[in-house]
Amino acid sequence: MEKIILVYLFLVSPMVGAYSLDTGKIKGYIPYVRSGVEYLFIQLDHTRADRLDCNVTNRYVITSKSANYRATLSAVMAAFHAQTPVKVQPLGRCDDFGNSESMAYLCVGDIPC
């Protein structure tokens, strides 16, 4: 099992770092459920110049399949209501929901991400 986790981290880590953080205030968020999977969509207060073509909604998404989903949901709600800037780490693909870019995580506040 440890070997599988190490291989996964080896393969995924470079992909996450390849896409730069997107920083801004959360303009809005949408909690959504489809086929038993929870989705959390967020939109920042600007449009990235290097947005993916598949991201036609200018939103990021994370699903309940991610281990950090619940923590991300709490952080998004707090940051939205406090209007605190966040840093989103995009994954560079739209595979969680076809019209929104998948995100790995987000950071709230003045902290290195």
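Anything mentioned here points back to the structure above.
About the criteria used
Residues numbered from 1 in each chain as written. Predicted model: local features only at pLDDT ≥ 70, side-chain atom pairs only at ≥ 80, totals over all residues. Heavy atoms only, no water. 1 Å grid on protein atoms, 1.4 Å probe; cavity = no way out; pocket = protein on both sides within 12 Å on 5 of 7 lines; lining within 4 Å. Points joined across faces, edges and corners; volume = space filled by probe spheres on them. Nonpolar A, V, L, I, M, F, W, Y, C, P; charged D, E, K, R; others polar. Helix = DSSP H or I, 4+ residues; strand = E, 2+ residues; numbered from the N terminus. Buried < 20%, exposed > 50% of the residue type's maximum accessible area, 1.4 Å probe, protein only. Polar contact = N/O pair within 3.5 Å; in protein donor to acceptor, adjacent residues only side chain to side chain. Contact = heavy atoms within 4.5 Å. Phe/Tyr/Trp six-rings, centres within 6.5 Å; stacked < 30°, edge-to-face > 60°. Lys NZ or Arg CZ within 6 Å of the ring centre and 35° of its normal. Disulfide = S-S within 2.5 Å. Pairing = 2+ DSSP bridges. Axes fitted to C-alpha atoms, helices over the stretch in contact; angles between N-to-C directions.

(A) Spotlight on empty space enclosed by the protein. For the structure shown, the criterion picks out 1 cavity of 30 Å³ or more. Here the largest cavity is characterised by a volume of approximately 60 Å³. Together, Asp-22, Leu-44, His-46, Arg-48, Arg-51, Asn-55, Asn-58, Arg-59 and Tyr-60 line the largest cavity. Classifying every residue of the lining of the largest cavity by side-chain character gives 2 nonpolar, 3 polar and 4 charged.

(B) View of the side chain of Ser-100. For Ser-100, the position within the fold is in the loop between strand S5 (86-90) and strand S6 (101-108). Ser-100 sits in the buried class, given a relative accessible area of 0%. Of the polar contacts made by the side chain of Ser-100, one reaches the side chain of Thr-57; its length is 3.1 Å. Apart from the residues within four sequence positions on either side, Ser-100 is in contact with Phe-41, Cys-54, Asn-55, Thr-57, Arg-59, Val-61, Arg-93 and Cys-94.

(C) A look at the packing of aromatic side chains. Scanning the model with the defined rule gives 7 aromatic pairs in all. When the ring of Phe-41 is compared with that of Phe-97, the centres are 4.9 Å apart and the planes differ by 85°; the resulting orientation is edge-to-face. Within this pair, whereas Phe-41 is found in strand S3 (residues 37-44), its partner Phe-97 is found in the loop between S5 and S6, the two being separated by 56 residues in sequence. When the ring centre of Phe-41 is taken as origin, the NZ or CZ atom of Arg-59, which lies over that ring, is 4.8 Å away.

(D) Quick look at the state of the cysteines. Per the counting criterion, the structure on display carries 2 disulfides. Here Cys-54 connects covalently by a disulfide to Cys-94, the sulfurs 2.0 Å from one another. Residues Cys-54 and Cys-94 are joined through a disulfide that is right-handed, its torsion about the S-S bond being 70°. Placement of Cys-54 in the loop between S3 and strand S4 (60-63) and of Cys-94 in the loop between S5 and S6 is noted, with a sequence separation of 40 residues between them. For Cys-54, a relative accessible area of 29% corresponds to the partly exposed category.

(E) Inspection of the sheet that holds strand S1 (residues 22-24) at higher detail. Ordered in space as S1-S5-S6-S4-S3-S2, the 6 strands form an open sheet in which the pairing is mixed. Edge strands, defined here as strands with exactly one partner in the open sheet, are S1 and strand S2 (26-34). Between one strand axis and the next, the sheet turns by 35° as a mean value, whatever way the strands run. For S4 and S6, the ladder comprises 2 bridges, and the chain directions are parallel. Paired with Val-61 across the strands is Ser-102, a residue of S6. Across the sheet, helix H2 (residues 69-82) lies against S2, S3, S4, S5 and S6, angled at about 145° from S2, the strand it touches most.

(F) Quick look at the pairing of S2. Note that S2 and S3 share 8 bridges and pair antiparallel. Bridge assignment links Arg-34 to a residue of S3, and that residue is Val-37. Taken together, S2 and the strand that follows it, S3, pair antiparallel across an intervening segment of 2 residues, in which Ser-35 is found at a positive phi of about 55°.

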